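# Tertiary structure, described
Here is what each chain is made of, one letter per residue.
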2 protein chains.
Amino acid sequence: ASAAGLPNRGDATAIPRMRNLYLDAALLPDGWAERVLLRCDARGRIASVTSDVPCPTDAERLAGVALPGIPNLHSHAHQRAIAGLAERAGPDAADCFWTWRDAMYRALAGIGPDELEAIATQLYVEMLRAGYTTVAEFHYLHHDHDGRRFADPAEMSHRLVAAARRAGIRLVLLPVLYAASGFDGGPPLAGQRRFALDADGYAGLLQALRQAYGDAADVTLGVAPHSLRAVPPPLLQEAVALAGEAPIHLHIAEQVREVEECRAHTGVRPVAWLLDRFAVGPRWCLVHATHMEAAETVALAETGAVAGLCPTTEANLGDGIFPAASFRAAGGRFGIGSDSHISVSPVEELRWLEYAQRLVLRRRAVLANGPDRPTGRSLVEAAIAGGAQACGFAASGLVPGAPADLLVLDPADPLLAGRRGDALLDAFVFAGNRPLVRQVVVGGRVVVRDGHHPNESAAAADFMATLARIA
Amino acid sequence: ASAAGLPNRGDATAIPRMRNLYLDAALLPDGWAERVLLRCDARGRIASVTSDVPCPTDAERLAGVALPGIPNLHSHAHQRAIAGLAERAGPDAADCFWTWRDAMYRALAGIGPDELEAIATQLYVEMLRAGYTTVAEFHYLHHDHDGRRFADPAEMSHRLVAAARRAGIRLVLLPVLYAASGFDGGPPLAGQRRFALDADGYAGLLQALRQAYGDAADVTLGVAPHSLRAVPPPLLQEAVALAGEAPIHLHIAEQVREVEECRAHTGVRPVAWLLDRFAVGPRWCLVHATHMEAAETVALAETGAVAGLCPTTEANLGDGIFPAASFRAAGGRFGIGSDSHISVSPVEELRWLEYAQRLVLRRRAVLANGPDRPTGRSLVEAAIAGGAQACGFAASGLVPGAPADLLVLDPADPLLAGRRGDALLDAFVFAGNRPLVRQVVVGGRVVVRDGHHPNESAAAADFMATLARIA
């Protein structure tokens, strides 16, 4: 058993929930507070928040500076196994997203239920240690090799839930509807057979997952039509209808080729097409949305939907640069995702979201909320609020009703020492390379202490054994 | 005394040099080798390299995958103290490099000799732990407050040498000539008085440093005219003449405003101006060179000079994107520098150098050396070779005559496990967030073991006390 009382390979959900957490300093919705008592309820939500109070004897005190947990709103867990394995130019250097995709499809061959659970567990432990407290898993690897159905069609989904529970991360499970290989509505390609579902198959999967996890405190269910190219319009209507009040996530306008194919088939660009035909609103998360014209950018911002930005993946895949400055100027909301997991760090996502804007606009502090709010806090607050919205949480930040999820930065690290408040967040976002997250709490459970997770050795051993097996 | 036998606050030069180092695997000039014996001479250079041999009993064995050390070719050590302190939009959001520069000048007020040594020691320890084995210090903070000369005009230079020796990093000391506030040749501004030197003062400083360190095995001296805006043409001639065979570094074409001012005063763009009037060649390092037209890019590449690229600083300051793809296509050489130390990580510099290209060109593997050489190794090899050239080393890589400087990656880390050779370097460059460098050797001395430096606690304590004093 580890220091936290967690047996090796056991679930992190075995870690007891703390009813009272005491924070030396914390970022609350109206600013920085000190001596903060957080009371949690039995389902891991915040029941009350009180500042400037002494530490009760029954509270767990977390020394440091606390932020609300950062949601990771876009993940394909299995891609963690191939991070960094496709960095060659290839014969067709001009079109490398698609050659990367081919390599990713080939690498899927070895990934069955046990492998997915091992890979996802390692990934989720890494996420927690980096400060992500929720993962929204955009899950399309439904079937066995050659597209054969598992005896339980939800088998792979269950394995993702198992991985999330071993790690102790909050899960937003987004089962993906993938029905076509392109805008022409053709059937899935050989490499896509493991993803393919028709309307009935998708409705059945959703139904099974709602039965299994509809009451779970640690799992939220959403709906994810993969993209306009993989889901023909009538099916997209059905998927949206199935969502009810749940979050709806989809990929959109990531690659120029995809934009061109959409225009060729519909006469309209993808974001414009979607906004014209669907009541896109705050329950929606449009992942990437990289390629928008000015009018689309403003229109998307005005819907109140969240742009799901994945800066390290979008850079690695050569997607292009999201128009973040004009989107924010129009009031647009965003969150961040580690997507392909080429990097698992909210710090790197946030600073390079900002830096890509600086490089093309040639000015600084682009995403700062006005001249008096430094960039670090502006980015962190936006990603927390946008992430919580995309995850369908009832509330965001350290407020009653929100998940009792937070991270604590180490104020004794040389990078943060002597910094307070907003200046400390600027150092966290812009000046760090080494991990600065000391403690992480999910649902009232302290799942990372002193930078370490009780399952990290077991998860790493399983992961490495898995990679060795499927290599 | 630490595990390495180094007393707290003592010099890392007290660590004994190993005469024989044995590497399980290493990147040599002609590719990957195993079971490699490196013999070092008494001055910390490589005497011989032999592969496929057993480990002698008198060798120190370094388990893991070894790379030549990565030179950090551009550093302003004192800026480490303000990393992340200037992330506000400010009143003039359109021109923020210059507002950042004002903030940096103000922060200098508290930095005297003791403070500079403490800040630089902490920084150099951080560099070593990140895998940098050499730092080229572009040093302009020569004088005391209000521009008063120190009793010893080389006082601040000596403190940088002291810091480098406490940390055990190889130093390329580049005393800077800073004589004017702009292309009009006006005198330095109030904020620049601590940098200002005339021709005699500069020659005297160089002379003193050559006497003190001309024979040192761990210090290389170069010459650094700050920039075309700070050094009028006749003085630039004098500085180049003073260099002899030493490296010549200068800032150039970092900001658009600087390019415009150069054109206004000379009719020509900065890089074109310099190449027209000076015999720029392999001894030169042009730092940034961000803003070049196509002909300048090719012309600079053809000189054999090194472009000193600082991707994280150039992003943070909103400089713009260096034309790396066309520069490399023309045979251009580059190295990397952490410059303002907003980040201290060769991994982040290298991958975002590549990623900025991918984002604007919308393809992948842009800086790969051909279709068969993955991007990670291409970037690492280029930065090692370009860095060594800019530092004036007689040889580069793990070859006889080169510095006995290397780093060893941890093959047991889950990110690298199961990866070998080029695939391991792709994972190192593209897939890591946590530090993967286990051991670092400089001049035959093992200065980092298991990721830790024997002076790291003492250096951090001095640094934090210094920041508290000057805050």
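Below or above, wherever it landed, is the structure these notes cover. Note that the structure is predicted; figures quoted are calculated from it, not measured.

With that settled, consider the interface of chain A and chain B. Listed per partner, the contact involves 70 residues of chain A and 70 residues of chain B. Across the pair Glu348(A) and Arg351(B) runs a salt bridge, and its minimum N-O distance is 2.7 Å. At the junction of chain A with chain B, the criterion picks out 28 residue pairs in polar contact (both at pLDDT 80 or more). Of all the secondary structure elements, the ones that give two or more residues to the side of chain A that touches chain B are helix H1 (96-107), helix H2 (113-130), helix H9 (311-316), helix H11 (346-361), helix H13 (421-431) and helix H14 (456-470) of chain A. Residue contributions to the side of chain A that touches chain B peak at seven residues, all from H11(A). Partitioned by chemical class, the residues of the side of chain A that touches chain B number 38 nonpolar, 15 polar and 17 charged.

On to the relation of the copies chain A and chain B. Placing chain A over chain B gives an RMSD of 0.0 Å and needs a rotation angle of 180°, together with 0.0 Å of translation along the axis. In symmetry terms, the pair is related by a two-fold rotation axis. Among all residues of chain A, the one whose C-alpha sits closest to the rotation axis is Arg434(A), at a distance of 3.3 Å. In this assembly the copies share their binding face: 100% of the residues contributing to the interface of chain A also contribute to that of chain B.

All names here are of chain A. At a closest axis distance of 8 Å, the pairing of H2 and helix H3 (residues 155-167) adopts a crossing angle of 35°. Crossing handedness for the pair H2 and H3: right-handed. Each of Pro113, Asp114, Leu116, Glu117, Ala120, Thr121, Tyr124, Val125 and Leu128 in H2 lies in contact with H3, whose residues at this interface are Glu155, Met156, Arg159, Leu160, Ala162, Ala163, Ala164, Arg166 and Ala167.

Core analysis: the biggest nonpolar cluster contains 277 residues, and Tyr124(A), Leu274(A), Trp284(A), Tyr124(B), Leu274(B) and Trp284(B) have the highest contact counts within it. Each residue touching Leu274(B), except ones within four places of it in the same chain, is listed here: Leu228(B), Leu236(B), Leu250(B), Ile252(B), Val280(B), Trp284(B) and Leu286(B). One finds Leu28(B), Ala33(B), Ala404(B) and Val408(B) within the second-largest nonpolar core, a separate group that totals 20 residues.

Quick notes on the rules
- Residues numbered from 1 in each chain as written.
- Chains lettered and ligands numbered in written order.
- Predicted model: local features only at pLDDT ≥ 70, side-chain atom pairs only at ≥ 80, totals over all residues.
- Heavy atoms only, no water.
- Contact = heavy atoms within 4.5 Å.
- Salt bridge = Lys/Arg side-chain N within 4 Å of Asp/Glu carboxyl O.
- Polar contact = N/O pair within 3.5 Å; in protein donor to acceptor, adjacent residues only side chain to side chain.
- Helix = DSSP H or I, 4+ residues; strand = E, 2+ residues; numbered from the N terminus.
- Nonpolar A, V, L, I, M, F, W, Y, C, P; charged D, E, K, R; others polar.
- Least-squares fit on C-alpha atoms with pLDDT ≥ 70 in both.
- Axes fitted to C-alpha atoms, helices over the stretch in contact; angles between N-to-C directions.
- Left-handed = near helix turned anticlockwise from the far one by under 90°.
- Core = buried A, V, L, I, M, F, W, Y, C linked by side-chain atoms within 4.5 Å.
- Buried < 20%, exposed > 50% of the residue type's maximum accessible area, 1.4 Å probe, protein only.

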